[in-house]
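# Results of the structural survey
Take a look at the letters that make up each chain.
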Amino acid sequence: MIELDAVGKTYPGAAAPAVTSLDLVVTTGEIVALVGPSGCGKTTTLKMINRLIEPSRGTIRVAGRDIGSVPGPELRRGIGYVIQHTGLFPHRTIAENIATVPRMLGWERGTIARRIGELVELMGLDPAIGTRYPAELSGGQRQRVGVARALAADPPVLLMDEPFGAVDPILRSRLQDELLALQRRLHKTIVLVTHDIDEAIKVADRVAILNIGGVLEQYAPPGELLRAPANAFVEDFLGADRGIKRLSLIRIAEVPLEAGPVVAPGAGAAEVAEAMRRYGVDWFGVVSGSDLLGWAWGSEAPSGAGGVALRPFEVRLQGADTLRDALDTAITGRTLVAPVFDGERYLGMLTVDAISRQVIG
Amino acid sequence: MIARPFIDWGWIVDHLDEIRDRIGEHLALTAIALGIGLIIALVLALAGLRVPRALPPITWTAGVLYTIPSLALFAFLVPITGFTTLTAEIGLVSYTLLILIRSIVTGIQGIDPAVTEAARGMGYSPRRMLWEIELPLALPVIVAGVRLAAVTTVGLVTVTALIGLGGVGFFILRGLNRFFDTEIVLGTALSVMLAMILDAALVGIERVLTPWSRRRSAT
Ligand SMILES: Nc1ncnc2c1ncn2[C@@H]1O[C@H](COP(=O)(O)OP(=O)(O)OP(=O)(O)O)[C@@H](O)[C@H]1O
Ligand SMILES: [Mg+2]
């Protein structure tokens, strides 16, 4: 657990404090994202937790211990630290980079070597990479090595300052997924600084929105933040697409599905008409057992579903996908629905109506 | 009148022992000057990096020393320290300081700040940071400075012939006094060769010490 108690920082010669007085509690095992406009004191706050910056006032406790009483270097060896440009040591091989903190802590050679192996595997890196230098790695590999190095001595707390800020959006999204997968196994206490609100919503259990001067405007789980922004500043910061962002927090598996206007392959004209009437649409789908075979316009089946040429549903959403994916599927298809599958087995569909009800309701 | 040959090979062959001793003296004077110069420069450069206000006066002083003509410097020192190795080394060391201090300072200042921040963030103490991160990463720049200082010093050592030392410069001075071209050419050629060999050796040392800078990715 990390506790900030009326913590403030005024840089020498600065007119206003960078952080005025911040109270913040990060519970063991959660990911907290600090977000806010540039210069609002995110980095300052983060660096006060490992004493890279000395607070001007207030107390910070990590695991119940006042960090002011621990020598800086000693404190920092027990806290993982990841920064945007990784700061890998260019004159050390990847294995040596990862071994940095264990070596300082005086671990045995064999133990260190084993630990390097574990971390390389954990981060999905090629073991052959160990003997290379950082300059010989891709940006994504370097970022992973930076995380591996921070995790090397298995610190309970991890501080990350815009860890994925310097990589392209596709890679960033992958690294975010990897961080989440990693956290499911490791249960670290993580404080992550980002200026990307979408990143915060995606990876954090709780988001702290800071204003200039380190003023905490709201501290809440992403869902609550999007549903009930505390004030105009937060609302503004979250952006105009709050509703869509909320959809990205809800998994399809969490919401009820509808059968949809579907009929069996041999259904007669009356049955087809009834299915379409029930949903108020002019198309119908054909389901055989647990297979969704496709769909056709009602006008193409004057004498029932038999023998009609069906168009396939292109996108097969799964329970782990989000309502945002479902909405995207629904509004880009002719039928305005998102069919959901369990593997190949058809489960039901989501209409645009049903999706929007999740945000309104 | 019989014209003397420009180079008297017979004389050289007869004086091989003396040549060997003078080369040894030359190398010793150079090595001591570089070694002591490096230690002093390191101390001053690190002081200047830690207390930024101290840096300008340090480099200014080293710069002034560098501009004093070498002849004048030795002439000025002789009444105080006599015709000794000490006199020679005071002069030689003085001339290395500016180059060495500058290279150490620029070398360390040129390190990617992300690297030093990461190091601090992982619990490096300032002293550990200096030996394990800053000096190794500044090494290519520092070695470039040492090479320049080495070449300069090898040349300057010849001037110490005036105070009874001089390494291979001894031959130049004696040749001048006796109007004997062979000795002048010999001394000059040896000095140039020593400078080139030392420079090449330092390049080799740098390559061995900085394996990371030789292997680069395609990007
Ligand atoms: N070392 C320093 N000396 C003086 N002022 C500083 C220092 N570091 C930061 N500041 C100031 O403190 C304020 C907060 O800076 P900080 O780096 O914490 O912001 P940030 O939220 O991380 O911003 P960004 O998103 O741009 O990284 C800014 O006004 C900045 O100019
Ligand atoms: Mg910042």
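Refer to the structure presented above.
Let me sum up the structure you'll find in this document. (Residues numbered from 1 in each chain as written. Chains lettered and ligands numbered in written order. Predicted model: local features only at pLDDT ≥ 70, side-chain atom pairs only at ≥ 80, totals over all residues. Heavy atoms only, no water.)

## Concerning unusual backbone geometry
Residue and element names in this part refer to chain A. At Glu-162, a residue that is not glycine, the phi angle is positive and equals roughly 45 degrees. In this structure, Glu-162 sits in the loop between β7 (157-161) and α7 (169-186). Although it is not a glycine, Leu-336 sits at a positive phi angle of roughly 60 degrees. Topologically, Leu-336 is positioned in the loop between α13 (323-332) and β15 (337-342). (Helix = DSSP H or I, 4+ residues; strand = E, 2+ residues; numbered from the N terminus.)

## Regarding the pattern of salt bridges
All names here are of chain B. Scanning the entire structure with this criterion turns up 27 salt bridges over all chains. Salt-bridge contacts for Arg-22 lead to Glu-25; the nearest nitrogen and oxygen are separated by 2.9 Å. Placement of the pair is Arg-22 and Glu-25 together in helix α2 (residues 16-50), with a separation of three residues, close to one helical turn. Judged by its relative accessible area of 17%, Arg-22 falls in the buried class. Among the salt bridges present, the one from Arg-128 reaches Glu-132, with a minimum N-O distance of 3.3 Å. (Salt bridge = Lys/Arg side-chain N within 4 Å of Asp/Glu carboxyl O. Buried < 20%, exposed > 50% of the residue type's maximum accessible area, 1.4 Å probe, protein only.)

## Observations concerning the sheet that holds strand β9 (residues 206-211) of chain A
All names here are of chain A. Taken in spatial order, the six strands line up as β6-β7-β8-β3-β9-β10 in an open sheet, and their pairing is mixed. A strand with exactly one partner marks an edge of an open sheet, and here the two such strands are β6 (79-83) and β10 (215-220). Strand after strand, the sheet turns through a mean of 15 degrees between neighbouring axes, direction not considered. Running over the sheet, helix α6 (residues 139-151) touches β6 and β7 and is turned about 165 degrees from β6. (Pairing = 2+ DSSP bridges. Axes fitted to C-alpha atoms, helices over the stretch in contact; angles between N-to-C directions. Contact = heavy atoms within 4.5 Å.)

## A few points about the sheet that holds strand β16 (residues 345-351) of chain A
Residue and element names in this part refer to chain A. The sheet built from three strands is open, its strands ordered β14-β15-β16 with mixed pairing. Of all the strands in the sheet, just β14 (317-318) and β16 have a single pairing partner and so form its edges. Across two bridges, β14 lies against β15 in parallel orientation. Paired with Gln-318 across the bridge in β15 is Phe-341. Packed on one face of the sheet, α13 meets β14, β15 and β16 and runs near 130 degrees to β15.

## Comments concerning the side chain of Arg-76 of chain A
For Arg-76 of chain A, the location among the structural elements is in helix α2 (residues 72-77). Within polar-contact distance, the side chain of Arg-76 of chain A engages the backbone oxygen of Asn-50 of chain A at 3.1 Å. (Polar contact = N/O pair within 3.5 Å; in protein donor to acceptor, adjacent residues only side chain to side chain.)

## Considerations on the side chain of Arg-149 of chain A
By the secondary structure assignment, Arg-149 of chain A is in helix α6. Here the side chain of Arg-149 of chain A touches Gly-87 of chain A through a polar contact of 3.0 Å, landing on its backbone oxygen. Once residues lying within four places of it in the same chain are set aside, the contact partners of Arg-149 of chain A are Thr-86, Gly-87, Leu-88, Phe-89, Asn-97, Ile-98 and Thr-100 of chain A together with Ala-118 and Met-122 of chain B.

## Some details on α7 of chain A
All names here are of chain A. For α7, built from 18 residues, the straight-helix expectation of 26 Å at 1.5 Å per residue is met to within 8% by its first-to-last C-alpha distance of 25 Å. Of the residues making up α7, those classed as buried are Leu-171, Arg-172, Leu-175, Gln-176, Leu-179, Leu-180, Leu-182 and Gln-183. Two to three positions downstream of the cap, the backbone nitrogen of Ile-170 sits 3.2 Å from a side-chain oxygen, assigning the N-cap of α7 to Asp-168. His-187 sits one or two residues past α7 and shows a positive phi near 50 degrees. (Expected span 1.5 Å × (residues − 1).)

## Considerations on the pairing of β10 of chain A
All names here are of chain A. Across five bridges, the pairing between β9 and β10 is antiparallel. By the bridge assignment for β10, Asn-211 is matched with Val-215. Hairpin connection between β9 and β10: a loop of three residues separates the two successive antiparallel strands, and Gly-213 in this loop has a positive phi of roughly 85 degrees.

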